[in-house]
Amino acid sequence: MGLLGCQTQSGAFPKGDASERMRGFAVRVLSRRDPLFLAGERTGHDQVRHRGGARERAMAEKFFSQLKCRECGRTYPALATHVCEFDFGPLEADYNYSAIGAVLNRKVIESRPGTMWRYRELLPIVGDPTVGQQVGFTPLVKADRLAKALGVKACYVKNDTVNHPTLSFKDRVVAVALSRARELGFKVVACASTGNLANSVAANAASAGMESWVLIPADLEQNKVLNSIVYGTNVVGIEGAYDAVNRLCSEIAGKYGWGFVNVNLRPYYAEGSKTYGYEIMEQLGWRIPRHTVVCMASGSLLTKIHKAYGEFTKLGLVEKDGFSIHGAQATGCNPITAARKGGTDLIRPVPHPKTIAKSLAIGTPADGYYAVKSMAKTGGWSEDATDEEIIAGVQLLAETEGIFAETAGGVTVACAKKLVATGKIPKDEEVVLCITGHGLKTVEALTGHLAAPSKIKPSLKEFDSLISSGLAKTRVKV
Ligand SMILES: Cc1ncc(COP(=O)(O)O)c(C=O)c1O
Ligand SMILES: [Zn+2]
């Protein structure tokens, strides 16, 4: 039969089987005649149109020129393809670190503009970036009040709620994916998304003059939908959970030959997340934090922060230090946390996610297997948070640090609190919290949980009595 990967009846991936490594891809139908492979073939070498002069291109190709299977190490041309044909391992960008090390040092990086592209040599494009030139270099906030509330010695918030242009870390991955998509000659870009990626593809494609299509579960937050539509993209709501959206996108990618940033362009897209990790290290004064807490959907961001820490160590940009990376999910969709807690790398899909953290609601996480491995290797743990805990996490971050995060940020804060309480993050150590999207995108999650404003007539007398009554400080749910 034409299927190379499929799920077992139990829904889990059997260990040792090729489908185990397929991880999230197992729900996709894959064969040599599969649309995914065809998408790669159709955008073959002759369609590659690199920008920039021959000299710049030759320089860039010294740093990055091919993809490599994470499992067997086979190499592939740097085209629109993402799965190894032999063992279904994911393809990753392959770099020449000695060539990079010869030109990249702290001084060079610090001399460059404050964007994610200051780490240009470690990103998988060949010409100059043409999309998302302003993305990244968001603040790393020393969060003393939050540290006190969590009961930990030091806490930092890596604040991508203010990432440009769409207020989430997804602008990083999209900047790389669309820059590479243009190099590969794609005219139409698309994505399967839980909301933030759709916003970012829509905005960045608009600014690049590209046609875009974003496919999302039909029941996403109003603001997430609106924040895509406004850019003039084509929004398609799918009646089903994210996994169903993703499966459909794999089929569309092949049939229409579009560049799906998180399907056939995934090796390029995923690398953008490394810049979040590079910035943490640079902004900490060129060192790796002892603990990092990362919210997870597919698990990709966590694995790429791990990769970033490793690359900077390899390049001598930071000292080789011990560190732990911890994961955070919602209790209503916690396949990666469940695997870590169960002491296995077997990801058991969650067929019907149920959480207010919709951006994290991926039941079959494509990089779950590798996220578990990253946590285990670094001595990290993983937690999950209920809807009530997520809301409390959003409020705690807002009230202590003045940062309004979306529900995914509430997940990070709530799980960090548990990690400290259980001693997985010792109280006398430091932690960086990955806050990845803005709260204005998920306001409805807070409905019924915040205090109503006091209402008085425009009179000083009324204001005086409000103060003396103490009512202004009383929490009344709205
Ligand atoms: C705000 C936010 N944070 C974190 C994530 C998790 O990303 P990943 O799929 O890389 O685990 C997402 C994914 O959509 C997101 O929207
Ligand atoms: Zn392979």
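Before reading on, note that the structure itself is shown above.
Residues numbered from 1 in each chain as written. Chains lettered and ligands numbered in written order. Predicted model: local features only at pLDDT ≥ 70, side-chain atom pairs only at ≥ 80, totals over all residues.

### Overview of the site of ligand 1
Taken together, 17 residues lie near ligand 1, and S298, S300, S359, T436 and G437 sit nearest. Of the residues that constitute the shell around ligand 1, the class distribution is 7 nonpolar, 9 polar and 1 charged. (Near = placed C-beta within 6 Å. Nonpolar A, V, L, I, M, F, W, Y, C, P; charged D, E, K, R; others polar.)

### Section: helix 9 (residues 222–229)
Within helix 9, burial applies to K224, N227 and S228. Considered in projection along helix 9, the buried side chains sweep an arc of 100 degrees and stay on one side of the axis. Of the exposed residues in helix 9, the ones pointing more than 90 degrees away from its buried face are Q222 and L226. (Buried ≥ 20, exposed ≤ 12 C-beta atoms within 10 Å, placed from the backbone. Helix = DSSP H or I, 4+ residues; strand = E, 2+ residues; numbered from the N terminus. Arc of directions from axis to C-beta.)

### Details of the sheet that holds strand 13 (residues 430–435)
Taken together, 6 strands build an open sheet; the order of strands is 4-5-13-10-11-12 and the sheet is mixed. The strands lining the two open edges of the sheet, one partner per strand, are strand 4 (140–142) and strand 12 (382–385). Shown here is a sheet whose adjacent strand axes are inclined to one another by a mean of 25 degrees, direction ignored. Alignment of strand 10 (residues 291–295) against strand 11 (residues 324–330), held across 5 bridges, turns out to be parallel. Across the sheet, the residue bridging to V293 is H326, located in strand 11. In this fold helix 16 (residues 387–401) packs onto strand 4, strand 5 (154–159), strand 11, strand 12 and strand 13, with an angle of close to 100 degrees to the strand it touches most, strand 12. (Pairing = 2+ DSSP bridges. Axes fitted to C-alpha atoms, helices over the stretch in contact; angles between N-to-C directions. Contact = placed C-beta atoms within 7 Å.)

### Notes on the sheet that holds strand 8 (residues 234–238)
Strand order in this open sheet of 4 strands is 8-7-6-9, and the pairing throughout is parallel. Either end of the sheet is taken by a strand with one partner, and the two such strands are strand 8 and strand 9 (259–260). As paired strands, strand 7 (residues 211–217) and strand 8 are joined by 5 bridges and run parallel to one another. Residue W213 lies in a different strand from strand 8, and its bridge partner there is N234.

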